[in-house]
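An overview of the molecular structure
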Amino acid sequence: MLKDCIYLDNNATTKVDPEVVEAMLPYLSDYYGNPSSMHTFGGQVGKAVKQGREQVAALLGADESEIVFTSGGTEGDNAAIRAALLAQPDKRHIITTQVEHPAVLNVCKQLESQGYSVTYLSVNRQGQLDLNELEASLTGNTALVTIMYANNETGTIFPIEQIGMRVKEYGALFHVDAVQAVGKIPMNMKTSTIDMLTMSGHKIHAPKGIGALYVRRGVRFRPMIVGGGQQRGRRGGTENVPGVVALGKAAELELLHLEEATTREKRLRDRLEQTLLAQIPDCEVNGDASQRLPNTTNIGFKFIEGEAILLSLNKHGICASSGSACSSGSLEPSHVLRAMGLPYTILHGSIRFSLCRYTTEAEIDAVLAVMPGIVEHLRTLSPFKSDNASWLQEQEKSLAHR
Ligand SMILES: Cc1ncc(COP(=O)(O)O)c(C=O)c1O
Ligand code: FES
């Protein structure tokens with residue numbers, strides 16, 4: 001099995017930190033008690049769950065009682081949206097954006113078919129929202145505004161607190177999918193307008209299948225998963241103890257490394273990006289370059305296919321991505337880049353590099369050594385080399401109709 005690669009796809013998932021593995025291992029072997037049991041054997045496991053909750057709360061600047069463990073980002077998003085609607089049965093309107101992750105977008109689509117009305121806010125060419133559009137969409141009937149903290153494909157960060165202030169004026173609940181932002185942007189729920197916030201373990205060097213939902217104290221929360229009374233009745237089911245311990249440790253490490261790691265990642269990301277832009281003609285950065293996660297760059301290389309670039313990089317042992325992992329493989333261009341109104345050749349020729357605290361200078365050098373050659377080679381094979389080709393104009397038109 002392939003183990004060694006230059007891994008620049010950290011927005012898809014991350015390597016589990018060795019300290020996290022070490023912390024969770026005893027809970028896969030010796031400490032197998034049920035955290036809810038009365039006896040001491042279970043009780044010690046219960047204490048580990050409590051510690052995990054405290055560590056996650058510390059990363060978010062929240063109280064331990066406000067953390068609900070979930071199976072990951074998708075469950076957190078689903079649970080938050082459902083809870084908000086169940087708690088306010090008279091309100092039938094939801095506001096979200098066109099660039100959310102499918103874990104939010106597809107829930108909203110389903111709710112539309114159940115009679116809810118949903119506003120999908122647009123974004124501009126930089127991937128930013130228009131706060132006037134948000135204000136114009138809010139009404140007394142709005143139950144929930146659900147908006148991501150930072151976009152997984154472009155890294156664009158939304159002005160969450162400015163959004164939250166407007167949401168509060170209308171008495172709606174505010175949910176934020178912060179799966180990509182946690183660990184990269186400092187969080188303090190104590191001074192925030194956010195009512196519920198989703199995070200996922202596998203984006204912060206914990207394993208897949210564990211995550212947490214922050215629920216502000218006082219927010220009426222109706223559980224999506226009903227069963228035993230675990231987690232104060234907010235999520236039935238015996239806790240995934242090794243996962244919780246891992247998430248706690250990962251949260252502790254994120255907090256410890258946040259400043260130094262993100263400064264380093266940003267420097268490496270900027271060097272990668274600036275050198276590529278300087279050495280390769282006809283390419284541009286997608287998204288808001290100033291309001292952006294420190295680890296992400298999404299670059300459009302005109303006249304070639306992103307997938308072809310990825311396959312060539314793969315031959316050099318370099319992992320990158322052309323958008324979200326769950327929709328890669330489909331030939332449809334990214335819904336995020338489409339919502340930004342990017343031209344056809346950018347839509348098809350965009351790839352994302354996402355770094356983490358393990359990324360090294362030498363790895364960035366290795367990418368820089370091969371990328372210009374890859375792009376040049378693919379362009380010599382490309383049937384469309386100019387923006388003005390009539391074929392391209394046809395494609396732009398057909399895209400506009402979809
Ligand atoms: C913004 C965003 N939300 C939600 C998810 C889903 O998280 P998970 O894979 O833990 O279900 C992801 C991960 O792909 C994401 O990037
Ligand atoms: S579920 Fe992971 S990229 Fe979409």
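This text follows the structure it describes.
Report follows, based on the coordinates. Small disclaimer: the values here were computed from a predicted structure and weren't measured.

**Points about the overall build of the protein**
Assigned secondary structure in the protein consists of 12 helices and 12 strands. Its C-alpha atoms give the protein principal-axis dimensions of about 70 × 50 × 30 Å. Within the span of the protein, comprising 402 residues, buried residues form 56% of the whole. Across the protein, the mean location of the 39 positive side-chain charges is 4 Å away from that of the 44 negative side-chain charges.

**What to know about the packing of helix 8 (residues 306-315) against helix 11 (residues 361-381)**
For any two helices packed against each other, the geometry is given by the interaxial angle and the distance between the axes. For the pair helix 8 and helix 11, interaxial distance at closest approach is 10 Å and the crossing angle is 135°. With respect to each other, helix 8 and helix 11 are oriented oblique. Like other packed secondary-structure pairs, helix 8 and helix 11 cross with a definite hand, here right-handed. Facing A308, I309, S312 and L313 of helix 8, the residues of helix 11 in contact are V370, M371, I374 and L378. Counted by class, the contact of helix 8 with helix 11 contains seven nonpolar, one polar and no charged residues.

**Some thoughts on the side chain of H202**
Inspection of the secondary structure assignment puts H202 in the loop between strand 7 (196-200) and strand 8 (211-215). With residues near it in sequence (within four places) discarded, H202 still touches A12, T13, T14, P207, K208 and I210.

**Describing the packing of helix 2 (residues 40-60) against helix 7 (residues 241-279)**
Remark: helix 2 packs on helix 7, axes separated minimally by 8 Å, with the N-to-C direction vectors making an angle of 35°. Handedness of the helix 2/helix 7 crossing: left-handed. Between helix 2, through V45, A48, V49, G52, Q55, V56, A58 and L59, and helix 7, the contact on the second element is made entirely by V241, V244, V245, L247, G248, K249, A251, E252, E254 and L255. When the residues that make up the contact of helix 2 with helix 7 are grouped by side-chain class, the tally is 12 nonpolar, three polar and three charged.

**A closer look at the nonpolar core**
Counting 63 residues, the largest nonpolar core has L60, Y149, I163, M187 and L197 as the members making the most contacts within it. The contacts of I163, once residues within four sequence positions are left out, are L129, L131, L134, I147, F158 and F174. Within the second largest apolar cluster, 26 residues are counted, among which are I280, C283, F301 and I374.

**Notes on the site of ligand 1**
Taken together, 13 residues surround ligand 1, and among them G73, T74, D177, S200 and K203 come closest. In this structure, an oxygen atom belonging to ligand 1 sits 2.6 Å away from a side-chain N or O atom of T74. Between ligand 1 and H202 there is a distance of 2.8 Å, counted from an oxygen atom to a side-chain nitrogen or oxygen. Out of a free accessible area of 400 Å², ligand 1 has 85% covered by protein chains. For the shell around ligand 1, the element with the highest residue contribution is helix 3 (residues 73-87), accounting for three residues. When its residues are assigned to classes, the shell around ligand 1 shows two nonpolar, eight polar and three charged.

**Focus on a nonpolar patch on the surface**
A cluster of nonpolar residues, V21, L25 and L28, forms a patch on the protein surface that exposes about 260 Å² of accessible area. The residue L28 is located in the loop between helix 1 (18-24) and helix 2 in this model.

**Here we look at the sheet that holds strand 4 (residues 117-121)**
Within the open sheet, the seven strands sit side by side as 2-8-7-6-5-3-4. Their pairing is mixed. The outermost strands of the open sheet, each flanked by one partner alone, are strand 2 (67-70) and strand 4. Here the average twist between neighbouring strands, direction ignored, is 20°. In this sheet, strand 6 (residues 173-177) lies alongside strand 5 (residues 142-148) in parallel orientation, the contact comprising five bridges. Among the inter-strand pairings, V145 is bridged to a residue of strand 6, identified as F174.

**Quick word on the sheet that holds strand 10 (residues 296-301)**
The strand order across the open sheet built from three strands is 9-10-12, with neighbouring strands paired in antiparallel fashion. Each end of this open sheet is capped by a strand with a single partner; those strands are strand 9 (283-285) and strand 12 (350-354). Here the average twist between neighbouring strands, direction ignored, is 25°. Taken together, the three bridges between strand 9 and strand 10 define a ladder with antiparallel strand orientation. Among the inter-strand pairings, C283 is bridged to a residue of strand 10, identified as F301. Against the sheet, helix 7 engages strand 9, strand 10 and strand 12, with an angle of about 10° to strand 10.

**Concerning helix 7**
With 39 residues, helix 7 should reach 57 Å at 1.5 Å per residue; the first-to-last C-alpha distance of 49 Å falls well below that figure. The axis of helix 7 is deflected most strongly, by about 65°, at L258. Structurally, the start of helix 7 carries an N-cap: the backbone nitrogen of G243 is 2.9 Å from a side-chain oxygen of N240.

**Concerning the side chain of E153**
Assignment of secondary structure puts E153 in the loop between strand 5 and helix 6 (160-169). Of the side chains bearing the opposite charge, R352 lies closest to the buried E153, which forms no salt bridge; the N-O distance is 6.4 Å. A distance of 2.7 Å separates a polar atom in the side chain of E153 from a polar atom in the side chain of S334.

**What about the packing of aromatic side chains?**
If you walk through the whole model with that rule in mind, you get two aromatic pairs. Ring geometry for Y32 versus F41: centroids 4.9 Å apart, planes at 70°, classification edge-to-face. On the accessibility criterion, Y32 (62% relative accessible area) is exposed. On the basis of relative accessibility, which here comes to 32%, the residue F41 falls in the partly exposed class. For the cation-ring pair, R92 lies above Y116, with the distance from its terminal atom to the ring centre recorded as 4.1 Å.

Thresholds applied
Residues numbered from 1 in each chain as written. Chains lettered and ligands numbered in written order. Predicted model: local features only at pLDDT ≥ 70, side-chain atom pairs only at ≥ 80, totals over all residues. Heavy atoms only, no water. Helix = DSSP H or I, 4+ residues; strand = E, 2+ residues; numbered from the N terminus. Buried < 20%, exposed > 50% of the residue type's maximum accessible area, 1.4 Å probe, protein only. Lys, Arg positive; Asp, Glu negative; His and termini not counted. Charge placed at Lys NZ, Arg CZ, Asp CG, Glu CD. Axes fitted to C-alpha atoms, helices over the stretch in contact; angles between N-to-C directions. Parallel < 35°, antiparallel > 145°, perpendicular 65-115°, else oblique. Left-handed = near helix turned anticlockwise from the far one by under 90°. Contact = heavy atoms within 4.5 Å. Nonpolar A, V, L, I, M, F, W, Y, C, P; charged D, E, K, R; others polar. Core = buried A, V, L, I, M, F, W, Y, C linked by side-chain atoms within 4.5 Å. Near = heavy atom within 4 Å. Polar contact = N/O pair within 3.5 Å; in protein donor to acceptor, adjacent residues only side chain to side chain. Areas by Shrake-Rupley, 256 points an atom, 1.4 Å probe, with all protein chains shown as cover. Patch = residues over 30% accessible without salt bridge, like charges linked within 9 Å, V, L, I, M, F, W, Y side chains within 5 Å. Salt bridge = Lys/Arg side-chain N within 4 Å of Asp/Glu carboxyl O. Pairing = 2+ DSSP bridges. Expected span 1.5 Å × (residues − 1). Bend = angle between axes of the 7 residues up to and from the residue. Phe/Tyr/Trp six-rings, centres within 6.5 Å; stacked < 30°, edge-to-face > 60°. Lys NZ or Arg CZ within 6 Å of the ring centre and 35° of its normal.

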